[in-house]
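Listed below are the residues making up each chain.
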Amino acid sequence: MEQIYKVGWPRNCNKLGHGENAVCAWSSSNLFAFTTEKEVNGYVKQFLNILNPNQPWDVFCSLYKGGRISCLKWDHTGIRLLSADSQGMCCVWTMNNHMSNVWSKKTKHCTELPGEYVLAVGWLHHGVRVLFHIDKMDVTSLYERFNRAEFKPSIMQYGGKHVDGYVAVTGTGLVCVKLLHSDNETTSCQVYLNVPCYQRLADVTFTSQGKIAVLMSDGVIEHYILFNELELVYDSEEAKLDINVNTLPSLPLKCASEEQIIYTVVSHAAFVSEESQDHVLVCLSGPTGSKFESWLMKKEVVQLHRSFQQSTVLSGSSPENTKSWKYVTQSSHLAKVLNFSVSSLTMDLSSSENKISQDSNFFSGLYIAVALSDNTVQILHRIFLSSRATHSLPETEGIRNTMSGKKMKVVQKSCVQHVTFSPISCAMIAMDSSAGLLLYKVFPWNNAQSLSPNLSSQALQQVCQLLLYCLFTGSEWWDVLLLVQQNDADKVMELVNTEMNKQPSSVQQILHSRFLSLKITLHQMSSDYGAADCHIKLLFDAISLVFRSLVRPPQQVTSEENDPAVKLQNIGCTSSETDISKLQQNVDTDPQSLLSMQQLIQWVADVTLYLLASVPYHIQSERPGSSLLKDRAWLSVLRELLVIIRVWGLLKSACSPIFHVLDENIEVLPHIFHLITLLWQTSGEDNQSKELPESLIKECYSVPSQIHIPPLETVTPVNGVLSHMRHSSGVLRFDFGQAQPDMAFFTRRKQRMDFVAVPGSSGKIDSLQRLYLGNKPHQDLKECTRCGIVTMYNSLAKPTVKVWDQRFVRSCLCGGLWRKVGPTGLPSSLNREGISSAANGKVADKFGITSQRP
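None of these values were measured; they are calculated from a predicted model.

1. Overview of the overall build of the protein chain
What the protein chain contains, in helices and strands, is 21 helices and 38 strands. Pairs at least 24 residues apart make up 64% of the contacts formed inside the protein chain by residues separated by at least 6 positions. Split by element, the accessible area of the protein chain, about 37400 Å² in all, is 47% carbon and sulfur.

This is the structure we're talking about:
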């Protein structure tokens, strides 16, 4: 375990903290939510905060006017947050216009339970569970390596589709289930569980049969821990929801039968997995410390009296099974436990898997992070409860007012209050008493390997498996990349690429976009220009789909073979014809639609010119576009697009790209198509090691003297923690509301290449619309949190081709989330309020942060 950074609040917010109960949650989309409190004029105000751990300074902060927030839970998509408080209010938070740093509360989806204290909440299960198998790392097929387990959704619609909704459990035993059909339509139902007294602890999990298991405890060691199973029955025709309650065996604690009881209260109790009710962890605390007990629910055959066994055999009935709790193990004595977090990585916890995990030193998903009162964080094995690592929080500097009114700097120990694992369990966030946020990377292997500057071959294989799991399930891979050093990025990419090439073509096609997105991040970590090639491939794939959809057949198409778009695609992949005029088809389309795509047509032509001008530099592998020269599939798409552009240019001249011709005797489009076809003929896997023909290199060498080559605009990597880690050593320090400059951007400005624009020299560029916005745009922008491309926040008022704009409303081209930024690239609210007010020392309730009062 190694600390990466710490984020603190502005110094004049010195009374900021968590109160008694800190609540945090980390989503599968790499969003982190947590609560803070601040004393203002004798009143305590509570805030809900949401941020991206890769850009922790850009935090959304909203004043919460209900009771004390007791629960936070993300849904399986990672973009909806459920909160519950001590006054019985359950709220659903969603992104405004799909911006990850601007959130709002959906009033229609809220639930009020007056007089109730909500102890636990959970989103209804969607019915998808993909297991990570340690013993199947050598299996070739990803579908066998990460198999989908049989798991029913909590409520199933016609066709097996799940119903969105959530469940809340209160201290009085009230269970409330609410279904979210649409923005305005909901269905709810409530039921009381049979509890003997007020309960202090609760947890919720889901079973493979589509049921909900509820754990409840009043905190008294001598009392049993209660378990109930809920079955939801929904009538879609009458829009009626019912809840059937079944009682499960209760759990008597082992220490309650001991003569000398040093533990006086059950401080924590939770299911080990959110998708299984068979394993429970119970934390017992007392004046001297705490310990954990591990329990498993097992099925046993009921042993009948021998006088009844004969009648059972004669009747032919099978013996009955009953469930009971079996004690497994307990941890050693610990300091008082404040909070603990269990890894959420879905794994097969069979005995064979545990043995392989021990032999291979691979423990990802098998950890428990425990926050202790002695200001340490301890990592335990969640099966054996043995200690794997211990880390003490560092001392921090604070400001204290003296009797004379002066301020003095003091060194004080910040106390850890809450710990939370990342979705893949390769990172952990600890929150201290001053509401500081500390990020740690947690190594899946033993500590001896983690001290090495470079990863061992076994560690590289383990990182590769985790990245493949992220690709297969769609989870965010940011926390896994924290383990990868800059020198190891190329090795990891080569391993993942080798595994992807072993997959069937259908699997490669499904994971193609995600794989390119992962390669973008890895290339940015290794500081090479391969990310530009992946950006071009992603954008070309999107443009080709739109262009094909605009191709209209001259008559009704009766089969796929007669579709002109399919014919053009096949021509680009098979035909060796170098004369573009012989490949033109009688294709019809809407001229008005073509005019709206002119900037994309122009960009395709500019990239083609740059690629041809780069052919003489093909030996320079670090140059943008070097991998495209040998990519036969991409060159086929390029040939197809050039044919479509040529046909459209004949239909309407305004759609043709604009070239600055230096030789009046040359016709640009036919000429560049001729050269691209020659380049396509020399590409492919069989020709990777062969040199390009001298005749082709000479022809491409003369292109800049015939046509002006527009410089290629590369995408600047996102200003995030992964970038800062490359240029800094030691623990990084950030402040909420104050973005740190990215040194990688200034490093790239010093690098000069022929036909490649200096980053930032052309001002802001809309990377999706391919529009130049100038050095000081007048409108807000949105930036991808994964790859860093920038586009306009509000697109064209009336786009002619809506499919292009709507394609990137929810997420970026690479699948990353959007964040709203101002014209200068900073978050829009920070650009207007946060930085200026922080500079003047006037950080009030908003702390210089994105703020909203619901």
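The rest of the description comes next.
2. Let's talk about the packing of aromatic side chains
Across all of its chains, the model carries 22 aromatic pairs by this definition. Arranged with centres 5.5 Å apart and planes meeting at 85°, the rings of Phe-132 and Tyr-469 form a pair that is edge-to-face. Taken together, the residues Phe-132 in the loop between strand 11 (118–123) and helix 1 (142–145) and Tyr-469 in helix 5 (residues 457–473) connect sequence positions 337 residues apart. Each member of the pair Phe-132 and Tyr-469 is classed as buried. Through a chain of ring-to-ring contacts, three or more aromatic side chains come together here, namely Trp-9, Trp-26, Phe-32, Phe-34 and Phe-736. Between the NZ or CZ atom of Arg-388 and the centre of the ring of Phe-363, over which it lies, the distance is 4.1 Å.

3. Quick look at the sheet that holds strand 31 (residues 437–441)
Across the sheet, which stays open at both edges, the five strands sit in the order 29-30-31-1-32 with mixed pairing between neighbours. Of all the strands in the sheet, just strand 29 (416–421) and strand 32 (732–735) have a single pairing partner and so form its edges. Strand-to-strand twist in this sheet, taken as the mean axis angle between neighbours without regard to direction, amounts to 20°. The pairing of strand 29 with strand 30 (residues 427–432) spans five bridges and is classified as antiparallel. Paired with His-418 across the two strands is Met-431, which belongs to strand 30.

4. Digging into the confidence of the model for the protein chain
Of the residues in the protein chain, 83% have a pLDDT of 70 or more, and the chain-wide mean is 82. Across residues 399–403 the pLDDT falls below 50, and counting only partners more than four positions away or on other chains, this stretch makes 11 contacts in the model. Long-range and interchain partners of residues 829–854, a stretch whose pLDDT sits below 50, account for 68 contacts in this model, where long-range means more than four residues apart.

5. Observations concerning the environment of Val-282
Mapped onto the elements of the fold, Val-282 is located in strand 20 (residues 276–286). Between the C-alpha atoms of Val-282 and His-268, which are 14 residues apart in sequence, the distance is 5.9 Å. Excluding anything up to four places from it in sequence, Val-282 contacts Ile-225, Leu-253, Val-266, His-268, Ala-269, Lys-291, Phe-292 and Glu-293.

6. Digging into unusual backbone geometry
Here Ala-239, not a glycine, exhibits a phi torsion of approximately 55°, which is positive. Within the secondary structure layout, Ala-239 lies in the loop between strand 17 (225–235) and strand 18 (240–251). The residue Arg-770 is not glycine, and still its phi comes out positive at about 55°. Tracing the backbone through its elements, the reader meets Arg-770 in the loop between strand 33 (764–766) and strand 34 (771–774). For Arg-770, a relative accessible area of 15% gives the class buried.

7. Regarding the sheet that holds strand 24 (residues 367–372)
Strand order in this open sheet of four strands is 23-24-25-26, and the pairing throughout is antiparallel. Because the sheet does not close on itself, it has two edges, and the strands there are strand 23 (337–342) and strand 26 (387–392). Adjacent strand axes in the sheet meet at a mean angle of 20°, parallel and antiparallel pairs treated alike. Relative to strand 24, strand 23 runs antiparallel, the two being bridged by five bridges. Considered in strand 24, the bridge of Phe-340 is made with Val-370.

8. A few points about the environment of Val-756
Among the secondary structure elements, Val-756 is positioned in the loop between helix 19 (743–749) and strand 33. Residues Val-756 and Pro-711 lie 45 residues apart in sequence; the distance between their C-alpha atoms is 4.8 Å. Residues within four places of Val-756 in sequence aside, it is in contact with Tyr-610, Arg-623, Pro-624, Pro-711, Leu-712 and Thr-714.

9. Comments concerning helix 7 (residues 489–501)
For helix 7, with 13 residues, the first-to-last C-alpha span of 18 Å sits near the 18 Å given by 1.5 Å per residue. Burial in helix 7 covers these residues: Ala-489, Val-492, Met-493, Val-496, Glu-499 and Met-500. One face of helix 7 carries all of its buried residues, which in axial projection span an arc of 125°. Those residues of helix 7 that are exposed and angled more than 90 degrees off the buried face are Glu-494 and Asn-501. On the buried face of helix 7, the contacting elements are helix 1, helix 5, helix 8 (505–510) and helix 9 (512–525).

10. Quick word on the nonpolar core
The biggest cluster of nonpolar side chains holds 78 residues, and the ones touching the most others in it are Phe-540, Ile-543, Phe-547, Leu-611, Trp-634 and Leu-638. For this core, the secondary-structure elements that each account for two or more residues are helix 9, helix 10 (530–550), helix 11 (564–574), helix 13 (598–613), helix 14 (632–651), helix 15 (668–681) and helix 16 (694–701). When neighbours within four sequence positions are excluded, Phe-540 is seen to be in contact with Trp-603, Val-604, Val-607, Trp-634, Val-637, Leu-638 and Leu-641. Trp-57, Ala-427, Leu-722 and Leu-732 belong to the second largest nonpolar core, which has 66 residues in total.

11. Description of the packing of helix 10 against helix 14
The N-to-C vectors of helix 10 and helix 14 enclose an angle of 40°; their axes lie 10 Å apart at closest approach. Between helix 10 and helix 14, the interaxial angle falls into the category oblique. Crossing of helix 10 over helix 14 shows left-handed handedness. Contact with helix 10, carried on its side by Ile-536, Lys-537, Phe-540, Ile-543, Ser-544, Phe-547, Arg-548 and Leu-550, involves Trp-634, Val-637, Leu-638, Glu-640, Leu-641, Ile-644, Ile-645 and Trp-648 of helix 14 and no other residues of that element.

12. Notes on the side chain of Gln-199
When you line up the elements, Gln-199 lands in the loop between strand 14 (186–192) and strand 15 (201–206). Take Gln-199: its relative accessible area is 1%, and that puts it in the buried class. Of note is the side chain of Gln-199, whose polar atom sits 3.2 Å from the backbone nitrogen of Ser-217. Side-chain polar atoms of Gln-199 contact the backbone nitrogen of Asp-218, separated by 3.3 Å.

13. Some thoughts on the pairing of strand 15
Counted residue by residue, strand 15 has six buried out of six residues, so it is predominantly covered. Of the two faces of strand 15, the one lined by Leu-201, Asp-203 and Thr-205 and the one lined by Ala-202, Val-204 and Phe-206 are each fully buried. Pairing geometry for strand 15 and strand 16 (residues 212–217), over six bridges, is antiparallel. Its bridge partner being in strand 16, Val-204 is matched across the sheet by Val-214. Once strand 15 ends, the chain turns through five residues before running back antiparallel as strand 16, passing Gly-210 with a positive phi of about 85°.

14. Observations regarding the side chain of Asp-533
Along the chain, the position of Asp-533 falls in helix 10. Despite its burial, Asp-533 pairs with no opposite charge; the closest candidate is Lys-537, at 6.9 Å N-O. Within polar-contact distance, the side chain of Asp-533 engages the side chain of Ser-627 at 2.5 Å. Sequence-distant contacts of Asp-533, that is, excluding residues within four places in its chain, are made with Pro-624, Gly-625, Ser-626, Ser-627 and Leu-628.

15. Examining a negative patch on the surface
Together, Asp-235, Glu-237, Glu-238 and Asp-242 make up a region of like negative charge exposed at the surface. Mapping Glu-237 onto the fold places it in the loop between strand 17 and strand 18.

Rules used in this analysis
Residues numbered from 1 in each chain as written. Predicted model: local features only at pLDDT ≥ 70, side-chain atom pairs only at ≥ 80, totals over all residues. Heavy atoms only, no water. Helix = DSSP H or I, 4+ residues; strand = E, 2+ residues; numbered from the N terminus. Contact = heavy atoms within 4.5 Å. Areas by Shrake-Rupley, 256 points an atom, 1.4 Å probe, with all protein chains shown as cover. Phe/Tyr/Trp six-rings, centres within 6.5 Å; stacked < 30°, edge-to-face > 60°. Buried < 20%, exposed > 50% of the residue type's maximum accessible area, 1.4 Å probe, protein only. Lys NZ or Arg CZ within 6 Å of the ring centre and 35° of its normal. Pairing = 2+ DSSP bridges. Axes fitted to C-alpha atoms, helices over the stretch in contact; angles between N-to-C directions. pLDDT = per-residue confidence, 0-100. Expected span 1.5 Å × (residues − 1). Arc of directions from axis to C-beta. Core = buried A, V, L, I, M, F, W, Y, C linked by side-chain atoms within 4.5 Å. Parallel < 35°, antiparallel > 145°, perpendicular 65-115°, else oblique. Left-handed = near helix turned anticlockwise from the far one by under 90°. Polar contact = N/O pair within 3.5 Å; in protein donor to acceptor, adjacent residues only side chain to side chain. Lys, Arg positive; Asp, Glu negative; His and termini not counted. Salt bridge = Lys/Arg side-chain N within 4 Å of Asp/Glu carboxyl O. Patch = residues over 30% accessible without salt bridge, like charges linked within 9 Å, V, L, I, M, F, W, Y side chains within 5 Å. Charge placed at Lys NZ, Arg CZ, Asp CG, Glu CD.

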